[in-house]
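If you want the building blocks of each chain, they are given just below.
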Amino acid sequence: MTTISTTRKDPATGEPRLAGTGLRTQPDRNCPLCPRLAAFREATRTREPEWFNSPVPSFGDPDGRLLIVGLAPGMQGANRTGRPFTGDYAGDLLYATLLEYGFAKGVYQARPDDGLTLVDCRISNAVRCVPPQNKPLPAEINLCRQFLIATIETMPSVRAIIALGRIAHDTTLKALGLRAAAAPFSHGAVHQAGRFKLYDSYHCSRYNTNTRVLTPEMFRSVFARVKADLD
Ligand code: SF4
């Protein structure tokens, strides 16, 4: 992993930019790097002009010790509302669990102005733009990793990273400069990655919970372990 210690604000977005790298934590609203996703984004803007329909920024405390990495914005969730995991089923389970373990405070009401705040915690996504059928292509995951790397590098206190699903796990490993074979994905697994611990969980999607691949108890157990380790 590249060690970069100083940051400054990007004049266009106000987001931190890593000194000397050009890397930014937040893509431009019209980020063109993935032509397929940019075209999909434009089509969705035309169809649903009231929706957010842009790369979704991270949410939460940049000084937090916990970073949660999801897959990508859901069409009716973050892509619509502009806040990660907000407005679809995955957010119901995630935010309820964060509130239960003290990583959030307030009341989650599935909208970005509900006043919910994260405590010692931030949420980001492996891919910032909504992909068709929730399936980003490998090249798109690779291109968007630069924003995940910048996000991690600009969180000086982060110690724990929860990867929601295999794609989040694999891209986080690469962001940390590690080979996927060294730390295979498995629900409940914990991998030491330098100063970080990487915790694996199945993604909290409706499909995974409906099929009982992931139960709320299984999901809570990951956060209980993170909480215990951080405390
Ligand atoms: S997924 Fe990421 S890299 Fe690709 S267009 Fe969106 S913001 Fe840019």
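Quick notes on the rules
- Residues numbered from 1 in each chain as written.
- Predicted model: local features only at pLDDT ≥ 70, side-chain atom pairs only at ≥ 80, totals over all residues.
- Heavy atoms only, no water.
- Helix = DSSP H or I, 4+ residues; strand = E, 2+ residues; numbered from the N terminus.
- Rg over C-alpha atoms; globule rule 2.2 N^0.38 Å.
- Contact = heavy atoms within 4.5 Å.
- Lys, Arg positive; Asp, Glu negative; His and termini not counted.
- Charge placed at Lys NZ, Arg CZ, Asp CG, Glu CD.
- pLDDT = per-residue confidence, 0-100.
- Near = heavy atom within 4 Å.
- Pairing = 2+ DSSP bridges.
- Axes fitted to C-alpha atoms, helices over the stretch in contact; angles between N-to-C directions.
- Phe/Tyr/Trp six-rings, centres within 6.5 Å; stacked < 30°, edge-to-face > 60°.
- Buried < 20%, exposed > 50% of the residue type's maximum accessible area, 1.4 Å probe, protein only.
- Core = buried A, V, L, I, M, F, W, Y, C linked by side-chain atoms within 4.5 Å.
- Polar contact = N/O pair within 3.5 Å; in protein donor to acceptor, adjacent residues only side chain to side chain.
- Expected span 1.5 Å × (residues − 1).
- Bend = angle between axes of the 7 residues up to and from the residue.
- Salt bridge = Lys/Arg side-chain N within 4 Å of Asp/Glu carboxyl O.

Peer 1: Outline the overall build of the chain, supporting the account with residue identities and numerical values.
Peer 2: Summing up its helical and strand segments, the chain has 7 helices and 10 strands in all. In terms of overall dimensions, the chain is globule-like: its C-alpha atoms have a radius of gyration of 16 Å, near the 17 Å expected for 231 residues. Overall, the C-alpha framework of the chain stretches about 45 × 40 × 35 Å when taken along its three principal axes. When contacts within the chain are restricted to residue pairs at least 6 apart in sequence, long-range pairs at least 24 apart make up 65% of them. A distance of 4 Å separates the average location of the 29 positive side-chain charges in the chain from that of its 21 negative side-chain charges.

Peer 1: Just give me the short version of the confidence of the model for the chain, but keep the residues and values in it.
Peer 2: Summing up the model confidence of the chain, the mean pLDDT is 91 and the portion of residues at 70 or higher is 90%. Note on residues 1–20: pLDDT is under 50 here. Beyond four places in sequence and across chains, it has 44 contacts.

Peer 1: Tell me about the site of the ligand, and name the residues and values.
Peer 2: Around the ligand lies a shell formed by Pro27, Cys31, Leu33, Cys34, Leu37, Arg41, Pro55, Val127, Arg128, Cys129, Cys144 and Phe147. Of all elements in the fold, only helix H1 (35–47) and helix H4 (138–153) reach the threshold of two or more residues within the shell around the ligand.

Peer 1: I'd like to hear about the sheet that holds strand E9 (residues 190–193), residue by residue, with values.
Peer 2: Strand order in this open sheet of 6 strands is E3-E7-E4-E8-E10-E9, and the pairing throughout is mixed. Every other strand in the sheet has two partners, leaving strand E3 (59–60) and E9 as the edge strands with one partner each. As paired strands, strand E8 (residues 160–164) and strand E10 (residues 196–201) are joined by 5 bridges and run parallel to one another. Within E10, the residue paired with isoleucine 162 across the bridge is tyrosine 199. Against the sheet, helix H3 (residues 89–100) contacts E3, strand E4 (66–70) and strand E7 (121–125), and its axis sits at roughly 160 degrees relative to E7.

Peer 1: Quick one: what's the story with the packing of aromatic side chains, residue by residue and with numbers?
Peer 2: A full pass over the atoms with the stated rule returns 4 aromatic pairs. Considering the side-chain rings of phenylalanine 59 and tyrosine 95, the 6.5 Å spacing of their centres and the 65 degrees angle between planes classify their relative orientation as edge-to-face. Separated by 36 residues along the polypeptide, phenylalanine 59 in strand E3 and tyrosine 95 in helix H3 bring together distant segments of the chain. With respect to burial, phenylalanine 59 and tyrosine 95 carry one shared label: buried.

Peer 1: An account of the nonpolar core is needed here, citing residue identities and associated values.
Peer 2: Core analysis: the biggest nonpolar cluster contains 28 residues, and Ile68, Leu98 and Phe223 have the highest contact counts within it. Counting residues per element, the ones that place at least two in this core are E4, H3, E7, E8 and helix H7 (216–230). Not counting residues within four places of it along the chain, the set of residues in contact with leucine 98 comprises Ile68, Phe103, Ala104, Leu118, Cys121, Ile123 and Phe223. Ranked by size, the runner-up nonpolar core spans 24 residues in total, among them Val69, Leu173, Ala175 and Phe196.

Peer 1: Can you lay out the environment of aspartate 61 for me, pointing to particular residues and giving the numbers?
Peer 2: As for its position among the elements, aspartate 61 is in the loop between E3 and E4. Look at aspartate 61 and you get partly exposed, because its relative accessible area is 24%. Sequence separation of aspartate 61 and valine 119 is 58 residues, and the distance between their C-alpha atoms is 6.7 Å. With residues near it in sequence (within four places) discarded, aspartate 61 still touches Leu118, Asp120, Cys121, Arg122 and Met155. Engagement of the side chain of aspartate 61 in a polar contact is seen with the backbone nitrogen of aspartate 63, the distance being 2.8 Å.

Peer 1: Go over the side chain of threonine 209, please, and point to the residues and values.
Peer 2: Along the polypeptide, threonine 209 turns up in helix H6 (residues 206–210). Excluding its chain neighbours within four sequence positions, the residues that come into contact with threonine 209 are Tyr89, Leu93 and Leu214.

Peer 1: Got a sec to walk through H4? Specific residues and values, please.
Peer 2: With 16 residues, H4 extends 22 Å from end C-alpha to end C-alpha; this agrees with the ideal 22 Å at 1.5 Å per step. At arginine 145, H4 is bent by approximately 35 degrees, the largest bend along its length.

Peer 1: How would you summarise the pattern of salt bridges if you had to cite specific residues and measurements?
Peer 2: Counted under the stated rule, the structure contains 10 salt bridges. For arginine 47, the salt bridge identified is with glutamate 48, shortest N-O distance 4.0 Å. Between lysine 197 and aspartate 229 there is a salt bridge whose closest N-O contact spans 3.8 Å. With lysine 197 in strand E10 and aspartate 229 in helix H7, the pair connects residues that are 32 residues apart, well separated along the chain. Given a relative accessible area of 30%, lysine 197 falls into the partly exposed group. The structure contains a network of salt bridges with shared partners spanning Glu100, Glu217 and Arg220.

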